[in-house]
Amino acid sequence: MTDVLERLTQLEEAVRRAAETVGRMREENDRLRRDVKRMEDERRQVLTQVDAILKDIGKLDLAGG
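Reference entry: report on the structure contained in this document. Owing to the predicted nature of the structure, the values given are computational and were not obtained by experimental measurement.

### A closer look at the overall build of the protein chain
Okay, step 1: Scanning the protein chain for helices and strands turns up one helix and zero strands.
Okay, step 2: Scaling as 2.2 N^0.38, a compact globule of 65 residues should have a C-alpha radius of gyration of about 11 Å, whereas the protein chain reaches 28 Å, well beyond that.
Okay, step 3: The C-alpha extent of the protein chain, read off along each of the three principal axes, is 95 × 10 × 5 Å.
Okay, step 4: The buried share of the protein chain, reckoned over its 65 residues, is 0%.
Okay, step 5: Within the structure as shown, the protein chain displays about 6200 Å² of accessible surface, and the carbon and sulfur contribution to it stands at 59%.

### With respect to a nonpolar patch on the surface
Okay, step 1: Side chains of V46, V50, I53, L54 and I57 sit close together on the surface and give an oily, nonpolar patch of about 420 Å² of accessible area.
Okay, step 2: Assignment of secondary structure puts V46 in helix 1 (residues 2-64).
Okay, step 3: V46 gets classed as partly exposed once you look at its relative accessible area, which sits at 45%.

### Some details on the environment of D41
Okay, step 1: Positionally, D41 belongs in helix 1.
Okay, step 2: D41 gets classed as partly exposed once you look at its relative accessible area, which sits at 27%.
Okay, step 3: In sequence terms D41 and E28 are 13 residues apart; their C-alpha atoms lie 20 Å from each other.

### Overview of the pattern of salt bridges
Okay, step 1: Evaluation of the coordinates by the stated rule reveals eight salt bridges.
Okay, step 2: A salt bridge links E20 to R16; the shortest N-O distance between them is 2.4 Å. With E20 and R16 both in helix 1, this residue pair falls four residues apart, about one helical turn.
Okay, step 3: Residue D41 pairs with R44 through a salt bridge whose shortest N-O separation is 2.6 Å. Of this pair, D41 and R44 both sit in helix 1, three residues apart, which is roughly one turn of that helix.

### Focus on the environment of M39
Okay, step 1: Inspection of the secondary structure puts M39 in helix 1.
Okay, step 2: Distance from M39 to Q10, taken between C-alpha atoms, is 43 Å for residues 29 residues apart in sequence.

About the thresholds
- Residues numbered from 1 in each chain as written.
- Predicted model: local features only at pLDDT ≥ 70, side-chain atom pairs only at ≥ 80, totals over all residues.
- Heavy atoms only, no water.
- Helix = DSSP H or I, 4+ residues; strand = E, 2+ residues; numbered from the N terminus.
- Rg over C-alpha atoms; globule rule 2.2 N^0.38 Å.
- Buried < 20%, exposed > 50% of the residue type's maximum accessible area, 1.4 Å probe, protein only.
- Areas by Shrake-Rupley, 256 points an atom, 1.4 Å probe, with all protein chains shown as cover.
- Patch = residues over 30% accessible without salt bridge, like charges linked within 9 Å, V, L, I, M, F, W, Y side chains within 5 Å.
- Salt bridge = Lys/Arg side-chain N within 4 Å of Asp/Glu carboxyl O.

Pasting the structure below:
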């Protein structure tokens, strides 16, 4: 009977640790999703800036040519 109670205690501890790990992983996943969203936004901004620069370069080529 003592072995069963020990095993039950071990299993309860393992479940608690697993639940804590799942909680941390969810928080990390949320943080990573926010990071991805921020990077996507930054990428769009950079692409817009590059497009504007390329248009300006095109205008210079037309004006100089």
